[in-house]
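# Tertiary structure, described
Below, each chain spelled out in residue letters.
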Amino acid sequence: MELELEGESLKAVLNRLRRAQGQISGVIRMIEEGRDCEDVVTQLAAASRALDRAGFAIIATGLQQCVADIESGRKNGEDTEEMRARLEKLFLSLA
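What you are looking at is a predicted structure, and each value in this text was computed from that prediction instead of being measured.

## Describing the overall build of the chain
A count of helices and strands for the chain gives 3 helices and 0 strands. Taken from the N to the C terminus, the helices and strands of the chain come in the order α-α-α. A buried classification covers 22% of the 95 residues belonging to the chain. Sequence separation of at least 24 residues holds for 68% of the intrachain contacts in the chain that already meet a minimum separation of 6.

The following block contains the structure:
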């Protein structure tokens, strides 16, 4: 299953990943500066949420593409149950 992110979907995912990247850099800087533990954890939680949201957006796009593939009959030799199992495994990897 190839993932094809286009247009606004790609832009939204990349923005979330860039936000997480900035937040992680902020966490590193905060630790190096000896900042308050609560502030560090708060920033780390924000980075984690940004990564989760990017992952879920990617999975949602993959689900849409799989449904379209199934409906059009283009399954690349993979049956519906195999595709469902792979998507479930991906989804659970973010849980």
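## Observations regarding the pattern of salt bridges
This structure, assessed with the given rule, holds 1 salt bridge. The closest approach of N and O atoms between R35 and E33, which form a salt bridge, is 3.9 Å. With relative accessibility at 42%, the residue R35 sits in the partly exposed group.

## A few points about the environment of I28
Along the chain, I28 turns up in helix α1 (residues 7-32). On a C-alpha basis, the gap between I28 and V40 in space is 8.7 Å, while along the polypeptide they are 12 residues apart.

## Let's talk about the environment of A46
Residue placement: A46 occurs in helix α2 (residues 37-72). Judged by its relative accessible area of 16%, A46 falls in the buried class. For A46 and Q23, which are 23 residues apart along the polypeptide, the C-alpha to C-alpha distance reads 7.2 Å.

## A short note on a nonpolar patch on the surface
Taken together, the side chains of L10, L14, L17, I24, I28 and L51 present a nonpolar region at the surface, about 430 Å² in accessible area. Along the chain, L14 falls in helix α1. We classify L14 as partly exposed; its relative accessible area is 31%.

Criteria and thresholds
- Residues numbered from 1 in each chain as written.
- Predicted model: local features only at pLDDT ≥ 70, side-chain atom pairs only at ≥ 80, totals over all residues.
- Heavy atoms only, no water.
- Helix = DSSP H or I, 4+ residues; strand = E, 2+ residues; numbered from the N terminus.
- Buried < 20%, exposed > 50% of the residue type's maximum accessible area, 1.4 Å probe, protein only.
- Contact = heavy atoms within 4.5 Å.
- Salt bridge = Lys/Arg side-chain N within 4 Å of Asp/Glu carboxyl O.
- Patch = residues over 30% accessible without salt bridge, like charges linked within 9 Å, V, L, I, M, F, W, Y side chains within 5 Å.
- Areas by Shrake-Rupley, 256 points an atom, 1.4 Å probe, with all protein chains shown as cover.

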